[in-house]
Amino acid sequence: LRESKARGKNRVCVAAAPVTDAAFLDVVRTGKGLRFLRDPIFRFSERVPVAYEYLCEPLQGVGDSTADLFRRAMAHRLLPDLDRTCMRTAMDQVSPSGTRYHVNIFSETLMETTDEDLGRMLFAHCCPSDLCLEVTMQHSPQGSSVLLERLARLRSRGLRIALDRM
């Protein structure tokens, strides 16, 4: 409160509480306790899967739900770490087969991950044209020229981009 008052009226500074739950930190850092899911995306006219969305969810006992796990990570400022762990877990399941894959990433994670690290995570197992990166927007994309530039660079490499609101 003192720090907030020093910065000016009506400004509140919130520090993330230290994480003391070792099991939660283990999930965030290693992915142990996460289950991989592959959900088909169908084209109804043909009634066959045309792509797969790759997701992770917590195993029983790790968290109540995927939303709770990510909310907790946000509260402790560990969202990008958990998000990258989930993405690595999902992308390790991809095999080059000409099938299209959809993976999710938060805009915050996208901004905090280097192009090199993102490339290693995304393109190690498949061709960029087989991949759709679903970016969950935490803020309006119009306000972030840096984010839009990052998305343009990924598109120039052949990656498909889908924007999703939180």
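Our subject in this report is the structure included herewith. (Residues numbered from 1 in each chain as written. Predicted model: local features only at pLDDT ≥ 70, side-chain atom pairs only at ≥ 80, totals over all residues. Heavy atoms only, no water.)

### Brief notes about the nonpolar core
Then comes step 1: Ranked by internal contacts, the top residues of the largest apolar core, which has 23 residues, are M87, V103, L110, L118, L122, L131 and L133.
Then comes step 2: L118 has contacts with M87, I105, L110, T113, R150 and L154, leaving out every residue within four places of it along the chain.
Then comes step 3: Ranked by size, the runner-up nonpolar core spans 14 residues in total, among them F24, L34, A73 and F106. (Core = buried A, V, L, I, M, F, W, Y, C linked by side-chain atoms within 4.5 Å. Buried < 20%, exposed > 50% of the residue type's maximum accessible area, 1.4 Å probe, protein only. Contact = heavy atoms within 4.5 Å.)

### A closer look at the environment of M91
Then comes step 1: Position of M91 relative to the elements: it lies in helix α4 (residues 79-91).
Then comes step 2: In sequence terms M91 and H125 are 34 residues apart; their C-alpha atoms lie 7.0 Å from each other.
Then comes step 3: Beyond its immediate sequence surroundings of up to four residues, M91 is in contact with V103, M121, L122, H125, C126 and L131. (Helix = DSSP H or I, 4+ residues; strand = E, 2+ residues; numbered from the N terminus.)

### Remarks on unusual backbone geometry
Then comes step 1: Positioned with a positive phi, R47 is a non-glycine residue whose angle comes to about 55°.
Then comes step 2: Relative to the helices and strands, R47 is located in the loop between β1 (34-43) and β2 (48-58).
Then comes step 3: Given the relative accessible area of 71%, R47 is considered exposed.
Then comes step 4: Of note, the phi angle at R77 is positive, near 55°, even though the residue is not glycine.
Then comes step 5: Looking at the element boundaries, R77 is found in the loop between α3 (66-75) and α4.
Then comes step 6: Classification of R77 as exposed rests on a relative accessible area of 55%.

### Regarding the environment of P49
Then comes step 1: As for its position among the elements, P49 is in strand β2.
Then comes step 2: When the C-alpha atoms of P49 and T99 are compared, they prove to be 9.3 Å apart, with 50 residues separating the residues in sequence.
Then comes step 3: Once residues within four sequence positions are removed from consideration, P49 is found in contact with P40, I41 and F42.

### Description of the pattern of salt bridges
As a working rule, side chains carrying opposite charge can pair if their charged atoms are close by.
Then comes step 1: Going through the model one piece at a time under the given rule, you end up with seven salt bridges.
Then comes step 2: In this structure, D117 engages R120 in a salt bridge whose closest nitrogen and oxygen atoms are separated by 2.1 Å. A residue pair is termed a helical-turn pair when its members lie 3 or 4 positions apart in one helix, as D117 and R120 do in helix α6 (residues 115-123) at three residues.
Then comes step 3: Taken together, the shared-partner salt bridges connect D115, R150 and R153 into one network. (Salt bridge = Lys/Arg side-chain N within 4 Å of Asp/Glu carboxyl O.)

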